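# Fold and geometry: a report
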Amino acid sequence: MNDNYVVVIASLLPLAATMLVFEENPYHALVVRGILGAIAALFYTVLGAPDVALTEALVGTMLAITLYAVAVRSSLVVRLGVLEDLETQAKEGEFNQLLEQFRKVFSKYHLRLELVPYPDEKALKQALIDKEVHAVCLNDEKPQSYHTLTRIQRLYQVMETQLSLLDTRLTYFN
């Protein structure tokens, strides 16, 4: 009996695992994890262990991917606190340019931007202190200028290097 297909399937396992380890995009890693689980289930089936293959397919692949998708979706969000009047301006277009730049920069790191409106500046700063938001954006002294405070040092570093061209002042809030 010629078992070359077993060797081929077995060699796909470390290849898929290596691809999974080196994948930077979490959504692509999710797909590669599904492929790895499918290859493992196929390998177990070929070796004559359908019960193990079924367990791998259901638990190791489907459940793991579902839980990972929920975790990735909920954790890759930058919550930006804004005043309610700034949120209105964003819809009208005045504040929109800054938000589009934020979205462009954060998308490079596979992050989504979520605006969280607050009624006044005191509530906005308290939300930053209470860690309800990752950053806040306020009107600066100059017209058409904004001040962004963040409590996450890595987020500050990303914004500092990527948003240097915009008319916004960045501050790391420790």
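Just above sits the structure.
Rules and cut-offs
Residues numbered from 1 in each chain as written. Predicted model: local features only at pLDDT ≥ 70, side-chain atom pairs only at ≥ 80, totals over all residues. Heavy atoms only, no water. Salt bridge = Lys/Arg side-chain N within 4 Å of Asp/Glu carboxyl O. Helix = DSSP H or I, 4+ residues; strand = E, 2+ residues; numbered from the N terminus. Buried < 20%, exposed > 50% of the residue type's maximum accessible area, 1.4 Å probe, protein only. Patch = residues over 30% accessible without salt bridge, like charges linked within 9 Å, V, L, I, M, F, W, Y side chains within 5 Å. Areas by Shrake-Rupley, 256 points an atom, 1.4 Å probe, with all protein chains shown as cover. Pairing = 2+ DSSP bridges. Axes fitted to C-alpha atoms, helices over the stretch in contact; angles between N-to-C directions. Contact = heavy atoms within 4.5 Å. Phe/Tyr/Trp six-rings, centres within 6.5 Å; stacked < 30°, edge-to-face > 60°.

## Focus: the pattern of salt bridges
The tally for this structure, following the rule as stated, stands at three salt bridges. Across the pair Glu114 and Arg79 runs a salt bridge whose closest N-O atoms are separated by 2.7 Å. Linking Glu114 in strand S2 (residues 112-118) with Arg79 in strand S1 (residues 77-83), this pair joins segments that are 35 residues apart in sequence. By relative accessible area, Glu114 is classed as partly exposed at 30%. When the shortest N-O distance is used, the salt bridge between Arg103 and Glu100 registers 3.4 Å. With Arg103 and Glu100 both in helix H5 (residues 96-108) and three residues apart, this pair spans about one turn of that helix. For Arg103, a relative accessible area of 32% gives the class partly exposed.

## As for a nonpolar patch on the surface
Nonpolar side chains collect at one region of the surface, where Leu54, Leu58, Val59, Met62, Leu63 and Leu67 lie side by side and expose about 590 Å² of accessible area between them. Mapped onto the secondary structure, Leu63 falls in helix H3 (residues 50-75). Take Leu63: its relative accessible area is 45%, and that puts it in the partly exposed class.

## A closer look at the sheet that holds strand S4 (residues 146-150)
A sheet is described by the order of its strands in space; here five strands give the open sequence S2-S1-S3-S4-S5, paired in mixed fashion. Sheet topology places S2 and strand S5 (168-172) at the edges, where each strand pairs with a single neighbour. Across the sheet, the mean angle separating the axes of adjacent strands is 25 degrees when strand polarity is ignored. Where S1 lies against S2, seven bridges are found, and the strand directions are parallel. Bridging from a neighbouring strand, Val82 pairs with Pro117 of S2. Along the sheet, H5 contacts S1, S2, strand S3 (135-139), S4 and S5; its crossing angle with S2, the most-contacted strand, is approximately 140 degrees.

## Observations regarding the packing of aromatic side chains
Using the criterion set out here, one finds three aromatic pairs in the structure. Ring centres 6.5 Å apart and planes at 50 degrees place the aromatic pair Phe43 and Tyr44 in the tilted group. For Phe43, a relative accessible area of 16% puts it in the buried group. Taking the centre distance of 5.8 Å and the plane angle of 10 degrees together, the rings of Phe102 and Phe106 count as stacked. Placement of both Phe102 and Phe106 in helix H5 is noted, with a separation of four residues, approximately one turn of the helix. Phe106 sits in the buried class, given a relative accessible area of 2%.

Without other data, these values stay purely geometric and don't point to any function.
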